[in-house]
Amino acid sequence: MAFDYKKEYKEFYLPAKHPHIITIPPMNYLAVRGHGDPNTENGEYKQSIELLYAIAFTIKMSKKTDYRIEGYFDYVVPPLEGFWWQDALAEQQDGREAAIIDYNKKDQFNFISVIRLPDFVTKADFDWAIQTATQKKRCDFSRVEFLPYDEGDCVQCMHIGSYDDEPGTVAAMLSYATEQGYELDIKNPRYHHEIYLSDPRRCQADKLRTVIRHPIKPRKHP
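Student: What should I look at first to understand the pairing of strand β6 (residues 110-116) in this one?
Tutor: Look at any regular strand and the pattern is simple: side chains alternate between the two faces of the sheet. Across the seven residues that make up β6, a large majority, seven, are buried. Side chains Asn110, Ile112, Val114 and Arg116 project from β6 onto one buried face, and the interleaved Phe111, Ser113 and Ile115 project onto a second face that is buried too. Pairing analysis gives seven bridges linking strand β3 (residues 27-35) to β6, with the strands arranged antiparallel. Across the sheet, residue His35 finds its bridge partner in β6, namely Asn110. Where strand β5 (residues 80-85) lies against β6, six bridges are found, and the strand directions are antiparallel. Looking at the pairing, Trp84 lines up with Phe111 of β6.

Okay, here's the thing in structure tokens:
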């Protein structure tokens, strides 16, 4: 049976519906950076998803080629994730404001779309996948990066419902983190982080499951 990261690491992918503190270990990702409204047809965000999955499945299906990845085992491709920020709010962020992003100004979004890589995938394996996909699909994959990322301490919560309803969950997360002696630490390269467990094309908006994660640090006392 294929290794399923969502089932094996439930603390990361299937968290409780209430805020809690968690430490995320370093991981490697496939990543594509972009800007703009994620709902724009054929926009940068939707293009980024296509690029990510093409490389993710090239690596997964390497088992059917002559290329061998050391330590490879069969696995389910992990869910799509995203880091999000807006430049104006990022400049104003002081660790206490709940308005991390303005959901009414989606055209101002910056994002890094990511898919987790299995630990056995090296930069050399990634380079092979880029070359192979480029030759096979005759597409430019130069925007796809191999991204090591150490997220560290975070406040996390499962959000059920529309993406536009996230501010309520975000406010509860901030309140909980404050009660626990933390403050937000959202600044480059630590961002608002979402993990998408539902496909919005096949799921009603009020039933969407999204893991929301915010980086934190111990609050400094005056």
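Student: Would you mind showing me how to read the packing of helix α3 (residues 44-60) against helix α5 (residues 123-137) here?
Tutor: A packed helix pair is summarised by two numbers, namely the angle formed by the two axes and the spacing between the axes. Across the interface, α3 lies against α5 with an axial gap of 9 Å and an inter-helix angle of 110 degrees. When the axis of α3 is compared with that of α5, the two are roughly perpendicular. Here α3 contributes Ala54, Ile55, Thr58 and Ile59 to the contact with α5, which in turn contributes Trp128, Ala129, Ile130, Thr132, Ala133 and Lys137. Considered class by class, the residues forming the contact of α3 with α5 number seven nonpolar, two polar and one charged.

Student: Honestly, α3 in this entry has me stumped. Any pointers?
Tutor: At 3.6 residues per turn, the α-helix brings residues three or four places apart onto the same side. With 17 residues, α3 ought to run about 24 Å at 1.5 Å a step, and its terminal C-alpha atoms sit 24 Å apart, in line with that. Buried residues of α3: Tyr45, Ser48, Leu51, Leu52, Ala54, Ile55, Ala56, Thr58, Ile59 and Lys60, and no others. Residues of α3 that are buried make contact with β3, β4 (75-76), β5, β6, α5 and β10 (192-196).

Student: Is there a simple way to think about the environment of Tyr103 in this case?
Tutor: Mapped onto the elements, Tyr103 comes out in the loop between α4 (87-92) and β6. Beyond its immediate chain neighbours, meaning those up to four positions away, Tyr103 contacts Tyr163, Asp164, Glu166, Pro167, Val170, His192 and Glu194. Within polar-contact distance, the side chain of Tyr103 engages the side chain of Glu166 at 2.7 Å.

Reading the values: the criteria
Residues numbered from 1 in each chain as written. Predicted model: local features only at pLDDT ≥ 70, side-chain atom pairs only at ≥ 80, totals over all residues. Heavy atoms only, no water. Buried < 20%, exposed > 50% of the residue type's maximum accessible area, 1.4 Å probe, protein only. Helix = DSSP H or I, 4+ residues; strand = E, 2+ residues; numbered from the N terminus. Pairing = 2+ DSSP bridges. Axes fitted to C-alpha atoms, helices over the stretch in contact; angles between N-to-C directions. Parallel < 35°, antiparallel > 145°, perpendicular 65-115°, else oblique. Contact = heavy atoms within 4.5 Å. Nonpolar A, V, L, I, M, F, W, Y, C, P; charged D, E, K, R; others polar. Expected span 1.5 Å × (residues − 1). Polar contact = N/O pair within 3.5 Å; in protein donor to acceptor, adjacent residues only side chain to side chain.

This is a description of form; function is not addressed.
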